[in-house]
Amino acid sequence: FEGVAYEYPQRVGRVLDGVDLDLEPGRITALVGPSGAGKSTLARLLMRLADPTEGRITCAGLDLRELDLELWRAQVAWVPQRPTLFTGTIAENIALCAPGAGRTQIERAASAAGAREFIRRLPGGLQTPVGEGERRLSAGQAQRIAIARAFLADRPLLLMDEPTAHLDEESAGELTDAIERLARGRTTLLLVHHPLLSALAHDVHEIRDGRLSLPREDDPAEGTAELAESSGVAA
Ligand code: ATP
């Protein structure tokens, strides 16, 4: 993000302003800030659900606006605050972005996401129907299905919005472990309300009223340039 500003068309005033942010390959970057600070808006720009009003977002030196939209989005695994479970089995929900996945791969993703145990306890296991009018999963269980989905999707850029919101401490702890496993080897942006999760992050930025405060690092600019050059993350 280079000097990124954003103003919603239907609202006067910038909700992001002068945002400079590097998401370094292979690292977890956390964005911590109160409700309304602009975290989700920043994620929307990264997903190209909207484009900056000012400034630009680049990947490997290319403006996201120059990239093929579908190709760019195929690089990103998005784990939202409240993941949607579609009508179908748990296995189908996990394999949403990898329809060719076999049972072993699905089971492996469920294990990595810390979902294997609760799935085993369901009457139909992986074949249990969920979604509209079917069994309702708890918020934490749905999050773990979404994390398993992201494991199987296996994309280089991971974007997680408030992953432990609405969870008790034990579930949040289990999710934290799953997130750490998922983030390994990917470039991750975590949007968080509470500093708890930011302990996972290599870089933590605070966002308030659409502005970032700079992280305290020795020489972030130097590391960024080297990593960007050696990165294979480009779409
Ligand atoms: P939360 O933690 O509650 O999700 P956030 O940090 O993600 O908050 P945003 O959702 O990015 O914050 O909102 C930033 C600002 O933009 C807020 O003032 C919000 O009211 C405003 N905003 C968000 N979405 C829209 C929209 N579609 N139209 C107009 N204004 C919006």
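Values in this document were obtained by computation on a predicted structure and should not be read as measured data. (Residues numbered from 1 in each chain as written. Predicted model: local features only at pLDDT ≥ 70, side-chain atom pairs only at ≥ 80, totals over all residues. Heavy atoms only, no water.)

Turning our eyes to something else, we now look at the site of the ligand. Contacts to the ligand come from 14 residues, most closely from S35, G36, K39, S40 and T41. Between G36 and the ligand, the recorded distance is 2.8 Å, taken from a backbone N or O atom to an oxygen atom. Separating an oxygen atom of the ligand from a backbone N or O atom of A37 is a distance of 3.1 Å. Protein contact buries 68% of the 630 Å² of open area that the ligand shows by itself. The residue makeup of the shell around the ligand, split by class, is 4 nonpolar, 7 polar and 3 charged. (Near = heavy atom within 4 Å. Polar contact = N/O pair within 3.5 Å; in protein donor to acceptor, adjacent residues only side chain to side chain. Areas by Shrake-Rupley, 256 points an atom, 1.4 Å probe, with all protein chains shown as cover. Nonpolar A, V, L, I, M, F, W, Y, C, P; charged D, E, K, R; others polar.)

The next thing to look at is the pairing of strand β12 (residues 203-208). Alternating residues of β12 divide into D203, H205 and I207, all buried, and V204, E206 and R208, none buried. Here strand β3 (residues 28-32) runs beside β12; their pairing, made up of 4 bridges, is parallel. Bridge pairing in β12 places V32 opposite E206. Two elements, β12 and strand β13 (residues 211-213), share 3 bridges in a ladder whose sense is antiparallel. Bridging from a neighbouring strand, R208 pairs with R211 of β13. Count of turn residues in the β12/β13 antiparallel hairpin: 2 residues, of which D209 carries a positive phi of about 45°. (Buried < 20%, exposed > 50% of the residue type's maximum accessible area, 1.4 Å probe, protein only. Helix = DSSP H or I, 4+ residues; strand = E, 2+ residues; numbered from the N terminus. Pairing = 2+ DSSP bridges.)

Their axes nearest at 11 Å, the elements helix α6 (residues 139-153) and helix α7 (residues 169-183) cross at an angle of 5°. Compared by their axis directions, α6 and α7 come out roughly parallel. Every residue of α7 that contacts α6 at Q143, R144, I147, A150 and F151 is listed here: S171, E174, L175, A178, I179, R181 and L182. Partitioning the contact of α6 with α7 into residue classes produces 7 nonpolar, 2 polar and 3 charged. (Axes fitted to C-alpha atoms, helices over the stretch in contact; angles between N-to-C directions. Parallel < 35°, antiparallel > 145°, perpendicular 65-115°, else oblique. Contact = heavy atoms within 4.5 Å.)

In this section: the nonpolar core. In terms of nonpolar packing, the biggest core is built from 46 residues, with I90, I94, I119 and I147 touching the most fellow members. A total of 8 residues in this core trace back to one element, the largest contributor, which is α6. Beyond its immediate sequence surroundings of up to four residues, I147 is in contact with V79, A113, M160, L175, A178, I179 and L182. Y6, L42, I57 and L189 belong to the second-largest nonpolar core, a separate cluster that totals 27 residues. (Core = buried A, V, L, I, M, F, W, Y, C linked by side-chain atoms within 4.5 Å.)

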